[in-house]
Each structure stands twice: as structure tokens, then as C-alpha cells.
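Breakdown of the fold
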Amino acid sequence: MKAVVVENLVKFYGKFQALYNVTFDFEEGEIFGLIGPNGAGKSTTLRIIATLLKPSKGSVKIFGLDVVKDANKIRRIISYLPEEAGAYKYLTGYEYLEMMAKIYDPKNYSEYVDFGIKLSGLGDRIYSRIGEYSKGMMRRLLMARALMTRPKLAILDEPTAGMDVVYATEIRRLIKEVNREGVTILLSSHNMLEVEYLCERVAIINKGRVVALGSPDELEERYESENLEEVFTKLVKG
Ligand code: ADP
Ligand code: MG
């Protein structure tokens, strides 16, 4: 089944057009990447798919559900990691995961918390206050929150942005691990080389338009390039 189908998506912020007929789709089980430079329209697209922002035109379906008409149903089966996210500084990581899990499922929350703790990789630091966490630890906690409920679709906006190499590698491993457990992943990145390792297929987006769509291998072959950065450079120059 298709996890996400985006068709001719248009988004205006006032008079400014951020998205021009964005079209792509991917299957359940995939890790799909939306890549492009800052300002390309990645976050806008992800926020629409996450039902946080309304499309101006076009259609977006998540597992057959419509982002406008079926927003509440969609919110039960997805999770969303915003680009700029913080969490309650005065709680411990543990308390934060517990609070979020209770909102999701007041009866069975503890199994999600247990899984979240494992996913976070924070060890005993899960009992420290979030205010004491480094940026990398905070990001891992938020990733754990996004993934602990094993959503059908996890939408991750720049999951490794601002991360050092060690943390970024761990986050990528985490993404692969939950994907093997059945979580479909849609992520964005301005780091085209990282996406190469993670994603089966990608959409390259520039100035609100999808300029290429396919597996990294296909795109490199089609544009006679060594990597996706080179593909992108050729696309925007040509
Ligand atoms: P990306 O995530 O690829 O960096 P965004 O989707 O955040 O890109 O932004 C796409 C374009 O839309 C940018 O030109 C940005 O300035 C503009 N934009 C984003 N959010 C808003 C907003 N709330 N109001 C007006 N313009 C916005
Ligand atoms: Mg963004």
C-alpha cells in the first residue's frame, strides 16, 4: 500500500508561493527522503503531511486518508519530529516520555516508555533534567518520543541537523532499526550525502519544485554523477 501520495501540492504563505505542484509518493515500509537546500520547501511539505498546515491546492493522502478531511485519524498513526523542537526543561527525560506516552495511550503507556528509553540510548541520563541535556541528547530524546509508539509513519524534519558525527551515526542507526520493525519513514535533510546512505528513494526539491525523483543510484546514473550533491548541482545549473 502507498504510505504517502502527494499530488500537485501548492502552498501559499500570503502572496508568497512556497510550493509549486509538488508530486511524489512512496510505499509502506520505505525510508523516503526529501532533500534540498534551505528554503526549498521541505519543512512546509512535511508540516502539511503531518496535518499541521493546510494545503492551498492539491491533494495529500496518508495510507489512503486525506490530510484535510481525515486529519484526526491521521494523527493517530503518524508521529512528527519538528525541525526546531524543545522539550520541557524541568522534567527529566523519563518524565517527558511518560507524559507523552500517557497522552497517546493512558492504559498501556508504560510499554511505550520502556521502548522509548531503549531507543533514546540515554542510559541513566534519562533520569536527568532535560535542561541539563546537550543538544545531541535532546535530539535523541525527541527522536525516542517520535518513535516509541511505533507509528505507521514517522515524519522526521532534519533528524540529524546540528549533530556531531557520533550522534548523527547513532540517529541514522536508530532510523534503520525502527524501519526494520515496520515503521515507514519520511525524512528531510539538506545533507545530500547522508540521505544517500539512509533512503531507498528521494525527491530532490529546489525553490518549491520537485526537480528529481528516484533512488540515489538511479539519479546518479541518470545525471552521470558520483553522488547526490553532484546530481543537485547539475540540476540547478542545467
Ligand atoms: P526548508 O525546510 O526546505 O528550508 P521551508 O519549507 O521552511 O523550507 O520554507 C520554504 C519557503 O517558505 C522559504 O522561502 C521560507 O522563507 C518560506 N516560509 C516558510 N514558512 C513561512 C511562513 N510561516 N510564512 C511565510 N513564509 C514562510
Ligand atoms: Mg526546514
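Residues numbered from 1 in each chain as written. Chains lettered and ligands numbered in written order. Predicted model: local features only at pLDDT ≥ 70, side-chain atom pairs only at ≥ 80, totals over all residues. Heavy atoms only, no water.

Regarding its fold elements, the protein presents 9 helices and 10 strands. Relative to the globule expectation of 18 Å for 238 residues, the C-alpha radius of gyration of the protein, 18 Å, shows essentially globular dimensions. Dimensions of the protein along its principal axes, counting C-alpha atoms only, are 55 × 40 × 35 Å. Within the protein, the proportion of its 238 residues that are buried is 52%. The averaged location of the 33 negative side-chain charges in the protein is 8 Å from the averaged location of its 34 positive side-chain charges. (Helix = DSSP H or I, 4+ residues; strand = E, 2+ residues; numbered from the N terminus. Rg over C-alpha atoms; globule rule 2.2 N^0.38 Å. Buried < 20%, exposed > 50% of the residue type's maximum accessible area, 1.4 Å probe, protein only. Lys, Arg positive; Asp, Glu negative; His and termini not counted. Charge placed at Lys NZ, Arg CZ, Asp CG, Glu CD.)

With that settled, consider the site of ligand 1. Taken together, the residues surrounding ligand 1 are Y13, F16, A18, P37, N38, G39, A40, G41, K42, S43 and T44. One of the backbone nitrogen or oxygen atoms of A40 is found 3.1 Å away from an oxygen atom of ligand 1. Contacts to ligand 1 include K42, whose side-chain N or O atom sits 2.8 Å from an oxygen atom. With 3 residues, helix α1 (residues 42-49) is the single largest residue contributor to the shell around ligand 1. Among the residues forming the shell around ligand 1, the class breakdown is 5 nonpolar, 5 polar and 1 charged. (Near = heavy atom within 4 Å. Polar contact = N/O pair within 3.5 Å; in protein donor to acceptor, adjacent residues only side chain to side chain. Nonpolar A, V, L, I, M, F, W, Y, C, P; charged D, E, K, R; others polar.)

Turning to the coordination of the magnesium ion (ligand 2), a few remarks are in order. Surrounding the magnesium ion (ligand 2) are the protein donor atoms S43 (OG) and E83 (OE), which sit 2.0 to 2.4 Å from the metal. Placement of the pair is S43 in helix α1 and E83 in the loop between β6 (78-81) and α3 (93-104), with a sequence separation of 40 residues. (Donors = N, O, S within 2.8 Å, 3.2 Å for Na, K, Ca; no water.)

For E220, the location among the structural elements is in helix α8 (residues 216-222). As a buried residue without a salt bridge, E220 has its nearest oppositely charged side chain in K234, at a separation of 11 Å. In this view, E220 contacts E196, S225, E226, N227, L228 and V231; residues no more than four positions away in its chain are not counted. (Salt bridge = Lys/Arg side-chain N within 4 Å of Asp/Glu carboxyl O. Contact = heavy atoms within 4.5 Å.)

Overall, antiparallel pairing links the 4 strands, which are arranged β2-β1-β4-β5 in an open sheet. Looking at the sheet topology across the chains shown, the edges are occupied by β2 (16-27) and β5 (65-66). Relative to β5, strand β4 (residues 57-62) is paired through 2 bridges, and the arrangement is antiparallel. Residue pairing for β5: K61 is matched across the bridge by D66. Contacts from α1 reach β1 (2-13), β2 and β4, with the element oriented near 120° to β1. (Pairing = 2+ DSSP bridges. Axes fitted to C-alpha atoms, helices over the stretch in contact; angles between N-to-C directions.)

Okay, the side chain of R172 next. With respect to the helices and strands, the residue R172 is situated in helix α6 (residues 165-180). Dropping the residues within four chain positions of it, R172 is found in contact with T160, E194, Y197 and L198.

Turning to the packing of aromatic side chains, a few remarks are in order. Per the counting criterion, the structure on display carries 5 aromatic pairs. Centroid distance F24 to F32: 5.2 Å. Interplanar angle 10°. Geometry classified as stacked. For the ring pair Y104 and Y112, a centre distance of 5.5 Å and an interplane angle of 90° mean the geometry is edge-to-face. Classification of Y104 as partly exposed rests on a relative accessible area of 26%. A network of ring pairs unites the aromatic residues F24, F26 and F32 as a single cluster. Over the aromatic face of Y109 sits the side chain of K102, whose NZ or CZ is 4.8 Å from the ring centroid. (Phe/Tyr/Trp six-rings, centres within 6.5 Å; stacked < 30°, edge-to-face > 60°. Lys NZ or Arg CZ within 6 Å of the ring centre and 35° of its normal.)

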